[in-house]
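Single-letter residue listing:
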Amino acid sequence: MKKRYIQLLLLSLLFLFCGCNDEWKDEQFENFVSFKAPLTIEGVSNIYVRYKGDQKTTFMLPMIVSGSTINDKNMTVQVRVDPDTLKVLNYERFQNREDFYYRELMSQYFSMTPAVHIKAGESTALMPIDFTLKNIDMVDKWVLPLTILDDASNGYKANPRKHYRKALLRIY
């Protein structure tokens, strides 16, 4: 009877170890491109820009390529200003109290390149945003709303989660 149990145990161990494969070699999820702009309790990301009058101040916004394997292709990520997200945020947080609303930063106060290049083998890149804040009224709450556009032709996909594909940069 003991021989029978030992044979059954060996047979079950054989099936157990033969069922394994190398699934860790395959991609477990897609490479998504996202901003690294964590939200505060107010629903925006605070950034601190030094005021220099007429001179430019550059803020480097990090971008991340997620995935369980290394990014193996060059990407050109398209970024645009997204006023619709700011409208939704204002209404959801403040309803009809428009005196509390965040205001979209006007294009005269910033400049940025609409495309960010991420090289193969790298999982991060920095997006430069140049600010010239001369004559800005800091009594208003200025926000620069950005979004990553999906573009399959450039070999990337924006992160489908809302707070990763969008950045609401509150200027201080």
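In case you missed it, the structure is sitting above this.
An account of the accompanying structure is given in this report. (Residues numbered from 1 in each chain as written. Predicted model: local features only at pLDDT ≥ 70, side-chain atom pairs only at ≥ 80, totals over all residues. Heavy atoms only, no water.)

Moving on, we get to the pattern of salt bridges. Per the stated rule, a full pass over the model turns up six salt bridges. Among the salt bridges present, the one from Lys-134 reaches Asp-54, with a minimum N-O distance of 3.4 Å. Here the residue Lys-134 occupies a position in the loop between strand 8 (124-131) and strand 9 (142-148), and Asp-54 occupies one in the loop between strand 2 (45-47) and strand 3 (57-65), the gap between them amounting to 80 residues. Looking at Asp-54, the relative accessible area reads 59%, which means it is exposed. Residues Arg-103 and Asp-140 are paired through a salt bridge, measuring 2.6 Å at the closest nitrogen-oxygen approach. (Salt bridge = Lys/Arg side-chain N within 4 Å of Asp/Glu carboxyl O. Helix = DSSP H or I, 4+ residues; strand = E, 2+ residues; numbered from the N terminus. Buried < 20%, exposed > 50% of the residue type's maximum accessible area, 1.4 Å probe, protein only.)

Here the focus is the packing of aromatic side chains. In this structure the tally under the stated criterion is five aromatic pairs. In textbook terms, an aromatic cluster arises when at least three aromatic residues are bridged by ring pairs, as seen for Phe-94, Phe-100, Tyr-101 and Tyr-102. The lysine or arginine in question, Arg-170, covers the ring of Tyr-172, its NZ or CZ lying 4.4 Å from the ring centre. (Phe/Tyr/Trp six-rings, centres within 6.5 Å; stacked < 30°, edge-to-face > 60°. Lys NZ or Arg CZ within 6 Å of the ring centre and 35° of its normal.)

Our next topic: the pairing of strand 3. Here strand 3 shows one buried face, formed by Thr-57, Phe-59, Leu-61, Met-63 and Val-65, and one open face, formed by Thr-58, Met-60, Pro-62 and Ile-64. In terms of strand pairing, strand 1 (residues 32-35) meets strand 3 through three bridges, oriented antiparallel. If you follow Ser-34 over to strand 3, its bridge partner there is Ile-64. Bridging between strand 3 and strand 8 involves eight bridges; their strand directions are antiparallel. Paired with Met-63 across the two strands is Ala-125, which belongs to strand 8. (Pairing = 2+ DSSP bridges.)

Here we take up the sheet that holds strand 6 (residues 110-112). Judged by pairing direction, the sheet is mixed, and its five strands sit side by side in the order 6-8-3-1-10 without closing on themselves. In this open sheet, the two strands that pair with only one neighbour each are strand 6 and strand 10 (157-158). In terms of strand pairing, strand 6 meets strand 8 through three bridges, oriented antiparallel. Residue pairing across strands places Phe-110 opposite Phe-131, the latter belonging to strand 8.

Core analysis: the largest hydrophobic core is formed by 32 residues, its most contacted members being Phe-35, Leu-61, Phe-131 and Leu-146. Excluding anything up to four places from it in sequence, Phe-35 contacts Leu-61, Pro-62, Met-63, Val-79, Met-127, Leu-146, Thr-147, Ile-148, Tyr-164, Arg-165, Lys-166 and Ala-167. Within the second largest apolar cluster, seven residues are counted, among which are Val-44, Leu-86, Leu-89 and Phe-94. (Core = buried A, V, L, I, M, F, W, Y, C linked by side-chain atoms within 4.5 Å. Contact = heavy atoms within 4.5 Å.)

This part takes up the environment of Leu-11. Within the secondary structure, Leu-11 sits in helix 1 (residues 2-18). Separated by 75 residues in sequence, Leu-11 and Leu-86 place their C-alpha atoms 62 Å apart.

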